[in-house]
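Working through the structure, step by step
Residues per chain, in single letters:
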Amino acid sequence: MFIINCPYCGEREQSEFKAGGEAHIVRPKQPTELSDDQWAEYLFMRKNIKGIQFERWVHSHGCRKWFNVVRDTSNDVIKAVYKMGEKPPTKK
Amino acid sequence: MTKNLRIKTSKFIDETYKISFKFNGKTYFGYKGDTLASALLANDIHLVGRSFKYHRPRGIMTAGSEEPNAIVQLHNNTSRTEPNVRVTEIEIYDGLEASSQNCWPSVNFDMGGINNFLSPVLPAGFYYKTFMWPASFWEKYEYFIRKSAGLGKSPMEPDPDIYEHRYVHCDLLIIGAGISGIIAAKTAAKNGYKTLLVEEKSYLGGSTIYQNSEHFKINNQISSSWLEKEINEIKKIKNLEIKTRTSVAAFHGYNFLLARENLTDHLPLEQRNKKTRQRLLKIRAKKVITATGSLERPLIFDNNDRPGILLSSAIHKYANLFGVACGEKNILFTNNDSAYETAISLYQKGINIEAIIDNREEIDSKLIKEIEKNNIKIFKGYTIVDTSGYKRINKVSIMQLSKDGQKVVGSKTTLNCDCLGISGGWTPAVHLFTQSGGKLKFRDEDQVFIPNIYPSDQISIGSCNGEFTLDEILSVVPTTLKKFLNIKETDYENLEVQSSFNKSKRNIWLLPSDKVIGKTKSFVDYQNDATAKDIKLALREGFRSIEHVKRYTTTGMGTDQGKLGNMHALGIISETAGSKMGELGTTTFRPPYTPLTFGTIVGRNVGEYFDIFRKTPIHDWHVENKAEFENVGQWKRPWYYPQNGENMHDAVQRESKAARDSAGILDASTLGKIDIQGTDASEFLNRVYTNAWSKLAIGKCRYGLMLNEDGMVYDDGVTTRLGENHYIMTTTTGGAATVLGKLEDYLQTEWPELDVYLTSVTDHYATVSICGPNSKKIVSQIIPDLDFSDESFPHMSFKNSKIGKIKCRVMRISFTGEHSYEINVQANYGKSVWERCMEIGKEFNITPYGTETMHLLRAEKGFIIVGQDTDATMTPIDLQMDWIVSKKKYDFIGKRSLYRSDTIREDRKQLVGLITENPNEVLEEGAQIVADINKSPIEMLGHVTSSYYSPNLKKSIALGVVRGGKNMMGQKLIIPMKDKQINVTVADPVFLDKENKRLNA
Ligand SMILES: [Zn+2]
């Protein structure tokens, strides 16, 4: 049970949040222009990294805001938290 | 017959407070302060249980939570009885009843003991190989094997005790109140840290508190006296909370820990009533200090498991703390100085020591000199090769070790004894540290794993960090604390410490024997009966990974998780396989450190609180009117309302008929309701539903289907336009929360430019749905001001109105195919409005119906239920609902997926109606649908999703999904059942009123 620093509320227990998969996957603006393969790439393909991963989380039992988290999946250390629409932090 | 082995008053034992208890049906006495273990030993009882596999007699081996053997069944009654209780942990109380487990018919004559003689056929992998035995053999012995298998018995009735959970927050958590923990607690608390100190035992001070030897002194005081003063001081510190009888079960990431606080297990039974028995503490600590100490290692030699063989440190503790001698003819067997501490303590109390057998050849320390001075025989460079005595040890055979320690040489000597203390050195208790994600390193000089890399703000101190001796602890711990707590000074800077302990040790993981290994039983894991031979066999059979060897031999898989023997298992593997200990790694230590009761885990979440449920504002009326309830999501919904002893079928037939013949009434309050506002609300609906919304007039309602991005049906419901920029969306009962979540996700992450606000208002309204040909008559009496004519109030429209002074929204929408209205009022008025409807509807035989009738009525009309007729593989096209998918809209969620190569396949499973050949035959929901019964294997075409007997059509109707079903109208298919085949015909899924005449009837 880790602690997540919600950018709107501050530090809260993990149990208040829900994970939403890989971050920075943008829904195509013109899906009809895409081939089956290109659409499948958006729809199904996700990374599952051991190490630094960029993820979406939502404070579902709190402010209900979505935001991004940079988490090391090997030890659950959260390296950064930033709002939707903000640029991901560059490697430190 | 039995002797009294109580030797001397100990200040930890209150001899004025006598306690009687029962063990295996016989009454014994002990004193307040005794554990069941010390009380049994004082009564000269050594045979306590039987081992798991071979049913060998076993006794008390330790004095702590690492006990593998002496586990008992506690209490006799069927609700409180508890298996696998370690006698070393339970404090005795008046009325305690314990019995040996894992033995049948009794601990003294145990049928399972035959396994000991069968042991050549019960090698490692026994469990995996068992079913390869000849079947005849298995059947013959199954009865006995079943009878004698397993550890203890579980209670058969609900637990009468109370348990609870509590959250705890602190600056610093210290685990373990031995000397290191006490020093840390005082230092931290005095420096302003809000500190919690937890200790699994009932007393503070660890093993130092009963260390009464002149050989260990601090500032010229005997170490126990010095520590006692420290303890008295910390009890006065305000920001330090001390919890005894509290054992940490789990150490998770981010310094989140679970501990069990034992509140009543030590009290006489009559004092426990209405008190909380155990409390699960959920601790979030900014910093953690682990001071869990170390566990003495046994030594691995042939027959090292007999009753009367104990860890040397346990004998020491029983003598010093409990005033109990474990035997009258004691022998100690060691590879290090620890056993000499025990020897001196016994000697000082006048307890006879026959001899000390020491693996080491050249030894020299003050402790040893004192023993020699008192003419106690020490066999230097010797090892035990065998022991004897069935229910209690009576002899040991010893031989000299070769120079390299690999063999025994010379002749065998036999010594008599009734108790053998063994000491193989110490293993730091790193279990919690590794649970937290910590990485260990192997220290070669004394062959121990110690903490190396910490994953969170924590530190290990004292012997769990490999600082074993008093002088080491008092020099290292204060320095560590200063750095960890960021402070300049401690009270422990210039102590004068006297410690006579010499650290030399001769580590031999598996002691050599004069017998071949196949002929020995050298136990590594006592509880699971895993021997050195088993481990070697596993290696011979090709297992290399420690995790595999563990599972194959079951080493370390008992309730004690192999706290004693895991290191030896590793040692034997490393020696046999020629690999280095440090490179081999360890097995994973998993929570809980010691077993937790289920009561503690569930806390107050039992009975009606096991799973929370939601009630509608009309719930009490349903209860008063004897509704049977169904769980839908978290809601309790009326399922049907049986009258005069009706069964479910009869009730549903009556309710369904009444709804179509005259009037039915349903509590629809559980449907999800989302209030949608904003200038882009219409555009938003366009994007989330498959159909078009821009042109929906104010005051009109529309049915919508929502897909996932993969094109599969996700939810459905009616949405009403209340104003220019204002809608109210209804969702399925079970889908309300996830639909809101999904909509918020898209709004925040994909379309933040849309001006749309979502509010969940499910709980704010009560919804009463009235349907049937007489529904209009009823609602127009309830709301006389409203014009209910079809011209003014057509199907799929809504009006605001009032029932008396109560504001209401009335929607004319239908899920049954009947003319019907939904009245929404503020939730608190729900029950009174419902009751009013019942009263006015009386003359029309208004009939309350539940979810089952609702499902039947909609099935007659071929309306789907998302989640029943669909799973996550059905597109709207598969459901034959092409009409609701807009061709004009450029995009909506899931649109692109509707023409992926997979979703346009003609042979996808599609929703169809099914008519049985025999109109009275009702299909089973979930039954498989096939075309050709003779084909092998039979090809499965689909399954039945909804099935009812329709009282209105007077025949069986069903919906199902069938591969390519859309093009199979009129085709005959088969539903094969266990005892028959049912012939069905594929039909249109709309069974009743295809022309929708009833909507306006
Ligand atoms: Zn928040």
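None of these values were measured; they are calculated from a predicted model.

Counting its regular elements, chain B contains 23 helices and 50 strands. Per-residue burial for chain B yields a buried fraction of 59% across its 1001 residues. Taking as baseline every contact in chain B between residues at least 6 positions apart, the subset at least 24 positions apart corresponds to 67%. Just so you have it, chain B exposes about 41500 Å², and 51% of that area is on carbon and sulfur atoms. In chain B, 128 positive and 119 negative side-chain charges are present, and the distance between their average locations comes to 2 Å.

Secondary structure summary: chain A contains one helix and six strands in total. If you list the helices and strands of chain A from N to C, you get β-β-β-α-β-β-β. Along the first, second and third principal axes, the C-alpha atoms of chain A reach 45 × 30 × 25 Å. Put simply, of all contacts in chain A between residues at least 6 apart along the chain, 45% involve residues at least 24 apart. Within the structure as shown, chain A displays about 5700 Å² of accessible surface, and the carbon and sulfur contribution to it stands at 49%. Of the side chains in chain A, 16 bear a positive and 12 a negative charge, and the two mean positions are spaced by 5 Å.

A few words on the coordination of the zinc ion. All names here are of chain A. Those protein atoms acting as donors to the zinc ion are Cys 6 (SG), Cys 9 (SG), His 59 (ND1) and Cys 63 (SG), and they sit at 2.0 to 2.3 Å. Sequence spacing among the residues donating to the zinc ion works out to C-x2-C-x49-H-x3-C. Of the two residues, Cys 6 is situated in strand β1 (residues 3–6) and Cys 63 in the loop between β4 (52–58) and β5 (66–72); the sequence distance between them amounts to 57 residues.

Looking now at the state of the cysteines. Here is the idea: a disulfide is a covalent bond, and it sits between the sulfur atoms of two cysteines. Summed over the entire model, instances satisfying the criterion amount to zero disulfides over all chains. In this structure Cys 701 of chain B is a free cysteine whose sulfur lies 14 Å from that of Cys 808 of chain B, the closest cysteine sulfur available.

Turning our attention to the pattern of salt bridges. All names here are of chain B. Going through the model one piece at a time under the given rule, you end up with 69 salt bridges over all chains. Put simply, Lys 243 and Glu 241 hold a salt bridge, and the shortest N to O gap is 3.4 Å. Among the residues examined, Lys 243 registers a relative accessible area of 9% and is labelled buried. Residue Glu 241 is classed as partly exposed on the basis of its relative accessible area, which comes to 40%.

This part covers unusual backbone geometry. Residues other than glycine predominantly adopt negative phi, and peptide bonds predominantly adopt the trans conformation. Residues and elements named next belong to chain B. The peptide bond linking Pro 591 to Pro 592 adopts the cis configuration, its omega dihedral lying at -5 degrees. Along the chain, Ser 936 connects to Pro 937 via a cis peptide bond; the corresponding omega equals -5 degrees. Inspection of the secondary structure assignment puts Pro 937 in the loop between β46 (928–930) and β47 (940–950). Phi angles above zero are rare outside glycine, and Asn 303 is one such case at about 55 degrees. Following the sequence through the fold, Asn 303 ends up in the loop between β16 (294–296) and β17 (309–311).

What follows is about the interface of chain A and chain B. Reports of interface size often rely on the accessible area that becomes lost once the parts have come together. The partner chain B presents 26 residues to the 27 residues of chain A that form the contact. Buried area between chain A and chain B, summed over both chains or domains, comes out near 2300 Å², and the portion from carbon and sulfur atoms is 46%. Inspection of the region where chain A meets chain B yields six salt bridges. For Asp 745 of chain B, the salt bridge identified is with Arg 56 of chain A, shortest N-O distance 2.7 Å. Remark: the boundary between chain A and chain B carries 18 residue pairs in polar contact (both at pLDDT 80 or more). Listed by contribution, the elements that provide at least two residues to the side of chain A that touches chain B are α1 (36–44) and β6 (77–83) of chain A. Looking at the side of chain A that touches chain B, its residues break down into 15 nonpolar, three polar and nine charged.

Let us look at the packing of aromatic side chains. Aromatic ring pairs are reported here in terms of the distance separating the ring centres and the angle at which the planes meet. With the rule as written, the count across this model stands at 25 aromatic pairs over all chains. Where Tyr 54 of chain B meets Phe 523 of chain B, the ring centres are 6.5 Å apart and the plane angle is 65 degrees; that geometry is what we call edge-to-face. Within this pair, whereas Tyr 54 of chain B is found in the loop between β3 (49–50) and β4 (57–58), its partner Phe 523 of chain B is found in strand β30 (residues 523–525), the two being separated by 469 residues in sequence. Ring plane angle 80 degrees and centroid distance 6.2 Å describe the contact between Phe 684 of chain B and Trp 751 of chain B, whose orientation is recorded as edge-to-face. Taken together, the residues span a long stretch of sequence, with Phe 684 of chain B in helix α19 (residues 681–688) and Trp 751 of chain B in the loop between α20 (736–750) and β39 (757–760) at a distance of 67 residues. Pairwise contacts between aromatic rings join Phe 2 and Trp 57 of chain A together with Tyr 254 of chain B into one cluster. Looking at Lys 32 of chain B, its charged tip hangs above the ring of Tyr 17 of chain B, at a distance of 5.3 Å from the centre.

This part covers the nonpolar core. A general tendency of soluble globular proteins is for nonpolar side chains to be buried together. In this structure, Leu 36, Ile 60, Tyr 318, Ile 357, Val 396, Leu 420 and Ile 422 of chain B are the most contacted members of the largest nonpolar core, which totals 115 residues. With sequence-adjacent residues up to four places away left out, Ile 357 of chain B is seen in contact with Ile 331, Leu 332, Phe 333, Thr 334, Phe 379, Tyr 382, Thr 383, Ile 384, Val 396, Ile 398 and Leu 415 of chain B.

Turning our eyes to something else, we now look at the domain arrangement of chain B. Residue and element names in this part refer to chain B. Split by domain assignment, chain B resolves into domain 1 (1–160), domain 2 (162–292 + 430–498), domain 3 (328–423), domain 4 (523–592), domain 5 (612–670 + 765–790 + 797–861) and domain 6 (862–1000). Buried area between domain 1 and domain 4, both sides added, is near 1600 Å², and the carbon and sulfur share of it is 58%. Salt-bridge contacts for Arg 58 lead to Asp 529; the nearest nitrogen and oxygen are separated by 2.8 Å. Inspection of the region where domain 1 meets domain 4 yields five residue pairs in polar contact (both at pLDDT 80 or more). When residues in the side of domain 1 that touches domain 4 are grouped by element, the largest group, three residues, is from helix α3 (residues 126–129). Here the side of domain 1 that touches domain 4 is composed, by residue class, of 10 nonpolar, seven polar and six charged.

Turning our attention to the packing of helix α12 (residues 532–540) of chain B against helix α13 (residues 546–553) of chain B. Two quantities define a packed helix pair, namely the angle between the axes and the distance from one axis to the other. All names here are of chain B. Across the interface, α12 lies against α13 with an axial gap of 10 Å and an inter-helix angle of 120 degrees. When the axes of α12 and α13 are compared, the pair comes out oblique. Helix-helix and strand crossings are classified by hand; for α12 and α13 the assignment is right-handed. Counting all contacts with α12, which are made through Asp 534, Ile 535, Ala 538 and Leu 539, the residues of α13 involved are Val 549, Tyr 552 and Thr 553. Partitioned by chemical class, the residues of the contact of α12 with α13 number five nonpolar, one polar and one charged.

It is worth spelling out the sheet that holds strand β38 (residues 726–731) of chain B at this point. All names here are of chain B. One open sheet accounts for five strands, arranged β36-β37-β38-β35-β39; its pairing is antiparallel. The strands lining the two open edges of the sheet, one partner per strand, are β36 (701–707) and β39. Averaged over all adjacent pairs, the angle separating strand axes in this sheet is 25 degrees, with direction ignored. Pairing of strand β37 (residues 713–723) with β38, which is carried by four bridges, proceeds in the antiparallel orientation. Directly across from Thr 720, in β38, lies its bridge partner Ile 728. In this fold α20 packs onto β35 (672–677), β36, β37, β38 and β39, with an angle of close to 165 degrees to the strand it touches most, β39.

As a further point, take the side chain of Asp 302 of chain B. Residues and elements named next belong to chain B. Relative to the assigned elements, Asp 302 resides in the loop between β16 and β17. Here Lys 521 takes part through its backbone nitrogen, which lies 2.7 Å from a polar atom of the side chain of Asp 302. In this structure, Asp 302 is in contact with Val 385, Asp 386, Thr 387, Lys 515, Lys 519, Thr 520, Lys 521 and Ser 522, ignoring residues within four places of it in sequence.

Further remarks concern the environment of Asn 48 of chain A. Structurally, Asn 48 of chain A can be placed in the loop between α1 and β4. For the pair Asn 48 of chain A and Glu 22 of chain A, spaced 26 residues apart in the sequence, the C-alpha separation amounts to 8.5 Å.

Residues and elements named next belong to chain B. Relative to each other, helix α5 (residues 179–190) and helix α6 (residues 223–234) sit at 40 degrees, their axes nearing to 10 Å. Classed by the angle they form, the pair α5 and α6 counts as oblique. The handedness of the crossing between α5 and α6 comes out as left-handed. The segment α5 lies against α6, with Ile 179, Ile 182, Ile 183 and Lys 186 engaging Trp 226, Leu 227, Glu 230, Ile 231, Glu 233 and Ile 234. Residue composition of the contact of α5 with α6, by class: seven nonpolar, no polar and three charged.

Adjacent strands of a sheet form backbone hydrogen bonds with each other and so pair up, either parallel or antiparallel. The strand order β41-β42-β43-β40-β34-β44 (chain B) describes an open sheet built from six strands, whose pairing is mixed. Only two strands of the sheet have a single partner each, and these edge strands are β41 (797–803) and β44 (847–848) of chain B.

Before going further, it helps to spend a moment on α1 of chain A. Among the residues of α1 of chain A, those classed as buried are Trp 39, Ala 40, Tyr 42 and Leu 43 of chain A. Looking down the long axis of α1 of chain A, one finds its buried residues gathered within 160 degrees of arc, a one-sided arrangement.

Turning next to the side chain of Ser 897 of chain B. Within the fold, Ser 897 of chain B resides in the loop between α23 (851–860) and β45 (909–916). Engagement of the side chain of Ser 897 of chain B in a polar contact is seen with the backbone oxygen of Glu 709 of chain B, the distance being 2.6 Å. Residue contacts for Ser 897 of chain B: discarding those within four places in its chain leaves Trp 39 and Leu 43 of chain A together with Glu 709, Asp 710, Gly 711 and Thr 903 of chain B.

About the thresholds
Residues numbered from 1 in each chain as written. Chains lettered and ligands numbered in written order. Predicted model: local features only at pLDDT ≥ 70, side-chain atom pairs only at ≥ 80, totals over all residues. Heavy atoms only, no water. Helix = DSSP H or I, 4+ residues; strand = E, 2+ residues; numbered from the N terminus. Buried < 20%, exposed > 50% of the residue type's maximum accessible area, 1.4 Å probe, protein only. Contact = heavy atoms within 4.5 Å. Areas by Shrake-Rupley, 256 points an atom, 1.4 Å probe, with all protein chains shown as cover. Lys, Arg positive; Asp, Glu negative; His and termini not counted. Charge placed at Lys NZ, Arg CZ, Asp CG, Glu CD. Donors = N, O, S within 2.8 Å, 3.2 Å for Na, K, Ca; no water. Disulfide = S-S within 2.5 Å. Salt bridge = Lys/Arg side-chain N within 4 Å of Asp/Glu carboxyl O. Buried area = accessible area lost by both parts, 1.4 Å probe. Polar contact = N/O pair within 3.5 Å; in protein donor to acceptor, adjacent residues only side chain to side chain. Nonpolar A, V, L, I, M, F, W, Y, C, P; charged D, E, K, R; others polar. Phe/Tyr/Trp six-rings, centres within 6.5 Å; stacked < 30°, edge-to-face > 60°. Lys NZ or Arg CZ within 6 Å of the ring centre and 35° of its normal. Core = buried A, V, L, I, M, F, W, Y, C linked by side-chain atoms within 4.5 Å. Domains from an automatic or database assignment. Axes fitted to C-alpha atoms, helices over the stretch in contact; angles between N-to-C directions. Parallel < 35°, antiparallel > 145°, perpendicular 65-115°, else oblique. Left-handed = near helix turned anticlockwise from the far one by under 90°. Pairing = 2+ DSSP bridges. Arc of directions from axis to C-beta.

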